Amino acid sequence: MWYKRTIPLLIVFTIGVLAFAHNYVPLRISDQFRERLSEWFRIIGGFALFLGAYSLLHMHVSRIRKQQPGWAYSVFVFVGAAGMIIVGLLNEGYGPLRSAPVGQPTWYQWGYDYIQKPCQATIFSLLAFFMASAAFRTFRARNTSAALLLASALIVMFGRVAIFQTVSAWFGAQSSFARHADGLFSATTDAIMEYPNLAATRAILLGISLGAISQSLRILFGIERSYLGGGD
Amino acid sequence: MASAKTIDRFGGLVAAIAIGFSLCAAAWGQVQPPAADSVKVHDRPSDDGSAVVVEWPKPAELPENVQYVIEIARKPEDFADKKFQTIKITPSKNLLKTGREKYFGFAASNQDWYAEEVTPAEYLKPQIPWAFTAEESAHLRTVGDVAAVAGIKDALTGLEQWKSLTWCVKEGLLSEKDAQRAWLAWKLTERYAKDVTAATAEATAVQKKAEEELEQAVEARKQAQTAVSQASGPGLEQAKESLAAAVAAEARARAALRSANEAARMTGERVREGLTKSERSDVDWLGRLDSYLEQAKAKRLKKAMQEINAGTYCYRFGVRSEGGETTLVGPVGAEAVYSGRAEANLFRRYKLNNLVFALAFSGIVLTFIQIAKRNPNLYIRKIAGLEAVEEAIGRATEMGRSAYFVHGLGGVSDLATIAAINVLSRVARRAAEYDTRVRVMNWEPIVTAVSQEVVQQAYTEAGRPDAYDPDDIALVGYNQFSYAAAVAARMVREQPAAIFLIGYFLAESLLLSETGASTGAIQVAGTDSDSQLPFFITTCDYTLIGEELYAASAYLSREPRMLGSLRGQDVAKAFLMTAMVVGTIVFTMAVAFGWHVEWIKGLFEVLD
Amino acid sequence: MAAPRADIKRIAVTRHIIYALLTVAIIVPMLRPTPCSFQPTPNSRRFHERIEQLPAGSEVLLSFDYSPDAKAELYPMSVTLLEQCFERGLIPVVMTHWPEGVRLAEQACHDVAKKYGKESGKDYVLLGFKPGGGNLLLNMGENFKSAFPEDYYHQPTATMAALKGVKTLRDIDLAVDLAAGPTVDMWVVYGSDRYGFPLAAGTTAVAAPKCYPYLQSGQLKGLLGGMRGAADYEQLVVKGVGPAGKLMLPQTVAHLLLIVLLVLANGRFTLARLRGKEGT
């Protein structure tokens, strides 16, 4: 049906052009338009939460029903969700429509402080191990560019910490050579970050920005329609 | 002995010298105001009509302790009636027109001019009625049973002005009934606030005492520890007993301090518990009313200020030295009066270069799209990551395992996510043709819904609508690391043969790609998040860097219009690269040969 | 990378050995700390001096844009920043764009304010979390108190002594974004470039390279990167070793381990290549 495609494309074009024009028009109505747009955006995002919750829970119900591998973990999803919803609604007796006084400890806060925060920190700290194994596996001087990459990585690793001073402290010495070596690596690291790294980052950013403009134009003019779902 | 004549002459000489010095002293701190026709008052360009600009030439020599003075009035007659506001400006580098290119451009002559931006509403403040009139008080007295408060008028004048209930009733913010309720709640809150202050003081005293007791207990414990380390023989047992008692006392003191801290934190709540339910409700209502009135006042003030800024006003200009009188521009008694009005402009002139470049770039892209329609065989270089999509799906089919598609953290408004959805539709179609299962891991609900539509359509187009399982496309987590944990766990359990990590990623990128690498899967990654590219490049088989991801839809579909847009993008990039090289050469030579090339910099300057 | 099953098993064994070594390299120095001295880098000094230059009574806007997973790097920075503000008589105004950042902001403000005897609303303000990102900054740029009518403790900001001179973002003397994500871009584009206030940033080590373009162009007045940045800053403010400084030793040992492993791996790789060449 033509209107399923045409009306969304018209909306995209109109709002896109108005949002583009807003950058150049200093009138108050332009600011009001921007504020209204961002309010609508927040409201729509709020409704999307319901969709997400349904999708998540439906997937786990399906896994439990079909007894797929790891289905027991899906039970934890419900235990956790139910637990937090119940304590959140009870809210230490204040109910869902009032907030407990600031500073009063709540079970909801306890769940966040002693379950969610440690879990998040744990997953994040896995990065250290993964970084080590990835570096060990892939940093081989196979060719010139790989060798350059390896050399820069080693210099930056030296430069970010004070290895020479630490090692000399282990041997009970306060070596000025160690201080100078650490200072040299630190300065070289800063130079690597501020010149070749910065140049490469800027080049990638330029390319990304131009690509983003081109993609935005394709979306604005309806050439790219995949975000509407359901094929071209 | 000096004669009388000599004394006279000497006295005259001294007087003349004194008068000369005082004249010099008077003249020393003075500067003459500029000529009347050199002072200009005009609308500030490229703004929303909130300010005018008063500009005047910078004098060659400027003595110290001199200030410029701008007087602003509603009508010329107001100057004589002393109904004007005065703005005193101390000359400084910031007063020059240079440094404000947004409004005044890049002209070299800007350094010879001072300019002050004047927002009329800051000086000619809006008039808002504050106090009750007698009629209003009488009217309030007659309304409702609360009016049995004979002293209501006197009591209400004690309120802070902005909370003036009469203003609220007049402005239609409050009904009269609410105004009375506010009055009663206000009195209640005053009492409540006093109770809270008293209770807080009491709780703070208890806290302080508990802290002192804890300090003493800690000191006693330390002494007991020292005694134990020094004791021996029969005294050792006694010392140990004393230590145990000191440790217990310290634990009790810590517990007491914890409860004192807790009590101090809960002071407000405890006092509140002493109120009745309706009193509590009134206190809460007044809190909300405060917030509402403050916002309403801010809105009305903003509107009133906008109306004031839109008016035409009169200005006078002058100079003064510290402690001295102001010397105005124009002859005494007929000082120059300037008229100025702020007007809203339709266009931000300082963004003209930005607009020109945006339109030029868009024009280039659209032109090449048109060219591509006529000549569809545009060359596009090979992008290994996109070529590998087929290979990856094929591998999954051969191994009889699934393929994973991970969107990353972007929402549907992110360009990387839209590009990822393009790639997903191709992956899903190929997977449907090869009868391979593709699982899509999402972080955002709307992206989930779009992905489901895209995959379903792909299966339908491949002639396999029955093979589509909506459970394969699901939201797996709404938090960055719960999402990463869920995806990584599924990778380890299900051991996919192909993994596509395409979208916007943050710190979880390495978690996902390294876990994928540990399963032995072929990995194709693509992101515009430049901080995560190094992780993908080291751990994945193929990586789409930045704009290669945006080119994916054009590359995979080979649609002429999309290929044309890529060509246009490349032409614009070529222009930028040329501009950078030429610009570097020109500016280097400018430094060597002293060329004046700041205007070129101004062409590319982004002002905001 | 895609690899045959036998290779996957071999790589897995190697990986687990590396994980075990890394665990030891991090835990042992934490249990048996030894002194680890280092000199603050020029970037850290620049950040510190930027705040030192502010006169007493200046308003410093701090944005706690991180969640608990970045706490190890950014929380010490945040606490030290608050300490420097209180010592210099500056007025920190604390907010966050991340909902998970509120508790961290509250904890930091509460602990440091208690240490210095500072009072909320008078010596500092905790505004809390508000959604909106760039739009929130635009609102704050037009009317600060309308964007945050109440602080975190539900006190009205309109009459707050600590915010007396603040009408819009232009009245802020310095803003510091403590960021684990892409919020620095947002602060530059919607904040400092538009409203002209000076901006500095403290970021995780991964996000720091992305901020160097802003540092070089002057859009950022200072940058602290990662644990080293936090440790340097602690040295400059606290004049000693703080929580971040204590973590420098495990980080140093971990780096050393990684360097040794890389050198060994490349040495083995090079030898194997040379032997292969000799054979042919």
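Note that the coordinates shown come from a computational prediction; the quantities given were computed from them, not determined experimentally.

Notes on the overall build of chain B
A count of helices and strands for chain B gives 22 helices and 14 strands. Counting over 608 residues, chain B shows a buried share of 46%.

A look at the pattern of salt bridges
Inspection of every chain in the model, using the stated rule, returns 35 salt bridges over all chains. Between Glu106(C) and Arg103(C) there is a salt bridge whose closest N-O contact spans 3.4 Å. In this pair, Glu106(C) and Arg103(C) both sit in helix α4 (residues 101-116), three residues apart, roughly one turn of the helix. Arg103(C) sits in the partly exposed class, given a relative accessible area of 28%. By sharing partners, the salt bridges in this structure join Arg437(B), Arg439(B), Asp469(B), Asp472(B), Arg490(B) and Glu494(B) into a single network.

Concerning the interface of chain A and chain B
Facing the 69 residues of chain A at the interface are 79 residues of chain B. Contact between chain A and chain B buries roughly 6200 Å² in total, counting both sides, with carbon and sulfur atoms accounting for 64%. When the buried area of chain A at its contact with chain B is split by residue, Tyr24(A), Pro26(A) and Arg28(A) rank highest and sum to 12% of it. A salt bridge links Asp471(B) to Lys66(A), with the shortest nitrogen-to-oxygen separation between them at 3.8 Å. Secondary structure elements with two or more residues in the side of chain A that touches chain B: α1 (2-22), α2 (28-66), α4 (107-138) and α8 (196-220) of chain A. Tallying contributions element by element places α8(A) first for the side of chain A that touches chain B, with 16 residues. Residue classes in the side of chain A that touches chain B are distributed as 37 nonpolar, 23 polar and nine charged.

Structural notes on the packing of aromatic side chains
By convention here, two paired aromatic rings are described through the distance between centres and the angle between planes. Across all of its chains, the model carries 32 aromatic pairs over all chains by this definition. Ring geometry for Trp56(B) and Tyr114(B): centres 5.9 Å apart, planes at 55 degrees, overall tilted. On the criterion of sequence distance, the pair formed by Trp56(B) in strand β2 (residues 52-57) and Tyr114(B) in strand β5 (residues 113-118) is long-range, its members being 58 residues apart. Exposure class is identical for Trp56(B) and Tyr114(B). Each is buried. Among the aromatic side chains, those forming a connected cluster through ring pairs are Phe158(A), Phe164(A), Phe177(A) and Phe185(A). In this arrangement the basic side chain of Arg316(B) is found over the ring face of Phe84(B), its NZ or CZ atom lying 5.7 Å from the centre.

Description of the pairing of β2(B)
Residues and elements named next belong to chain B. Most of β2 sits inside the fold, with five of its six residues counted as buried. Judged from the four bridges that link them, strand β1 (residues 40-43) and β2 form a sheet pairing that is antiparallel. Residue aspartate 43 lies in a different strand from β2, and its bridge partner there is valine 52. Here β2 runs beside β5; their pairing, made up of six bridges, is antiparallel. Paired with tryptophan 56 across the bridge in β5 is tyrosine 114.

Describing the packing of helix α3 (residues 71-88) of chain C against α4(C)
All names here are of chain C. As a packed pair, α3 and α4 sit with axes 10 Å apart at the nearest point and diverge in direction by 35 degrees. Note that α3 runs across α4; the crossing there is right-handed. On α4, the residues touching Lys71, Tyr75, Val79, Leu82, Glu83, Phe86 and Glu87 of α3 are Leu104, Gln107, Ala108, Cys109, Asp111, Val112, Ala113, Lys115 and Tyr116. Partitioning the contact of α3 with α4 into residue classes produces 10 nonpolar, one polar and five charged.

Let's talk about the interface of chain C and chain A
Chain C puts 53 residues into the contact, and the matching count from chain A is 49 residues. Buried surface at the junction of chain C and chain A, both sides included, amounts to about 4800 Å², of which 65% is carbon and sulfur. Looking at the side of chain C facing chain A, the largest losses of area belong to Asp69(C), Tyr212(C) and Leu262(C), adding up to 12% of the total buried there. Applying the counting criterion to the chain C and chain A interface returns one salt bridge. With a shortest N-O distance of 2.7 Å, Arg103(C) and Asp113(A) are connected by a salt bridge.

A short note on the sheet that holds β2(B)
The strands that make up a sheet pair up through hydrogen bonds in the backbone, lying either parallel or antiparallel. Residue and element names in this part refer to chain B. In spatial order, the strands read β1-β2-β5; together these three strands make up an open sheet with antiparallel pairing. The sheet is open, and its two edges are formed by β1 and β5, each paired on a single side. Adjacent strand axes in the sheet meet at a mean angle of 25 degrees when their direction is disregarded.

A few points about the pairing of strand β12 (residues 498-504) of chain B
Residues and elements named next belong to chain B. Of all seven residues that make up β12, seven are buried, and the element is covered over most of its length. Where β12 lies against strand β13 (residues 522-527), five bridges are found, and the strand directions are parallel. Bridging from a neighbouring strand, phenylalanine 500 pairs with valine 524 of β13.

As for the domain arrangement of chain A
All names here are of chain A. By the assigned domains, chain A splits into domain 1 (1-63) and domain 2 (69-138). Between the C-alpha centres of domain 1 and domain 2 there is a distance of 30 Å. Every contact between the two is made by four residues of domain 1 and, on the other side, six residues of domain 2. Per-residue buried area on domain 1 facing domain 2 is highest for Leu57, His60 and Arg63; these three make up 88% of the total on that side. Our count for the domain 1 to domain 2 interface comes out at zero salt bridges. Counting the contacts that link domain 1 with domain 2 gives two residue pairs in polar contact (both at pLDDT 80 or more). Partitioning the side of domain 1 that touches domain 2 into residue classes produces two nonpolar, one polar and one charged.

The rules we used
Each chain carries its own residue numbering, running from 1 in the written order of its sequence. A letter from A marks each chain and a number from 1 marks each ligand, given out in the order of writing. It should be noted that, the model being predicted, local features are given only for residues of pLDDT at least 70 and side-chain atom pairs only at 80 or more, the latter also being counted only at that level, while totals for whole chains, interfaces and linings use all residues. With hydrogens and water set aside, each side-chain value is computed from the structure's full complement of heavy atoms. Secondary structure elements are taken from DSSP: a helix is a run of H or I of four residues or more, a strand is a run of E of two residues or more, and numbering for both begins at the N terminus. Partly exposed residues are those whose accessible area sits between 20% and 50% of the maximum for their type, while under 20% is buried and over 50% is exposed, using a 1.4 Å probe and protein chains only. Each salt bridge in this description consists of a side-chain nitrogen of Lys or Arg and a carboxyl oxygen of Asp or Glu lying within 4 Å of one another. We call two residues in contact whenever any of their non-hydrogen atoms come within 4.5 Å of each other. Summed over both partners, buried area is the accessible surface (1.4 Å probe) that two parts give up on being assembled. Residues are grouped as follows: nonpolar covers Ala, Val, Leu, Ile, Met, Phe, Trp, Tyr, Cys and Pro; charged covers Asp, Glu, Lys and Arg; every other residue, Gly included, is treated as polar. Between rings of Phe, Tyr and Trp, where Trp is taken as its six-membered ring, a pair exists when centres lie within 6.5 Å; planes separated by under 30 degrees are stacked, by over 60 edge-to-face, and by other angles tilted. Charge over a ring is defined by NZ of Lys or CZ of Arg lying within 6 Å of the ring centre and within 35 degrees of the ring normal. The pairing criterion is simple: DSSP has to find at least two bridges between the two strands. For helices, the fitted axis covers only the stretch in contact; all axes are lines through C-alpha atoms, and the angles between them, taken along N-to-C directions, range from 0 to 180 degrees. What makes a crossing left-handed is the near helix being turned counterclockwise from the far one by less than a right angle; a clockwise turn instead makes it right-handed. An automatic or database domain assignment is the source of the domain bounds shown. Under the rule applied, a polar contact is a pair of N or O atoms within 3.5 Å (in protein, one hydrogen donor and one hydrogen acceptor; residues adjacent in sequence only if both atoms are side-chain atoms).

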